Amino acid sequence: MTRNAYRIAVIPGDGIGKEVMPEALRALDAVGKRFGIALEYRHIDWASCDYYAQHGQMMPDDWKTQIQDADA
């Protein structure tokens, strides 16, 4: 199977996740560049206390549908 890019749902959550996610993405970008792997990121803003404070739930009801096409 040939694919154009691997789709990654980026869900940092709360706390240290917001600090480490940018560095994790930098590492993935470096690996992708080194080995010719195309990556597409979809940044998710739910699964955090900020989202909960606004919406009264941690994730939208259709969370699974929103990320089901992601490879990781």
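Small disclaimer: the values here were computed from a predicted structure and weren't measured.

Draft legend 1. Region of interest: the overall build of the protein. What the protein contains, in helices and strands, is three helices and two strands. Listed by position from the N terminus, the elements making up the protein come as β-α-β-α-α. The C-alpha atoms of the protein give 14 Å as radius of gyration, which overshoots the globular expectation for 72 residues (11 Å, by more than 25%). Principal-axis analysis of the C-alpha atoms gives the protein an extent of 40 × 30 × 10 Å. Considering the protein as a whole, with its 72 residues, one finds that 18% of them fall into the buried category. If you take every contact in the protein between residues at least 6 apart in sequence, the share linking residues at least 24 apart comes to 60%. Summing over all exposed atoms, the protein offers an accessible surface of approximately 5500 Å²; the carbon and sulfur share of this is 54%. If you average the places of the 8 positive and of the 11 negative side-chain charges in the protein, the two averages end up 10 Å apart.

Draft legend 2. Layout of the environment of serine 48. Mapped onto the elements, serine 48 comes out in the loop between strand 2 (39-43) and helix 2 (49-55). If we skip the residues at most four places from it in the chain, serine 48 touches Gly13, Asp14 and Met58. Reaching out from serine 48, the side chain makes a polar contact with the backbone nitrogen of tyrosine 51 at a distance of 3.2 Å.

Draft legend 3. Geometry of the packing of aromatic side chains. In the structure shown here, the tally under the stated rule is zero aromatic pairs. Above the face of the phenylalanine 35 ring, arginine 34 is positioned so that its terminal group lies 5.2 Å from the ring centre.

Conventions adopted
- Residues numbered from 1 in each chain as written.
- Predicted model: local features only at pLDDT ≥ 70, side-chain atom pairs only at ≥ 80, totals over all residues.
- Heavy atoms only, no water.
- Helix = DSSP H or I, 4+ residues; strand = E, 2+ residues; numbered from the N terminus.
- Rg over C-alpha atoms; globule rule 2.2 N^0.38 Å.
- Buried < 20%, exposed > 50% of the residue type's maximum accessible area, 1.4 Å probe, protein only.
- Contact = heavy atoms within 4.5 Å.
- Areas by Shrake-Rupley, 256 points an atom, 1.4 Å probe, with all protein chains shown as cover.
- Lys, Arg positive; Asp, Glu negative; His and termini not counted.
- Charge placed at Lys NZ, Arg CZ, Asp CG, Glu CD.
- Polar contact = N/O pair within 3.5 Å; in protein donor to acceptor, adjacent residues only side chain to side chain.
- Phe/Tyr/Trp six-rings, centres within 6.5 Å; stacked < 30°, edge-to-face > 60°.
- Lys NZ or Arg CZ within 6 Å of the ring centre and 35° of its normal.

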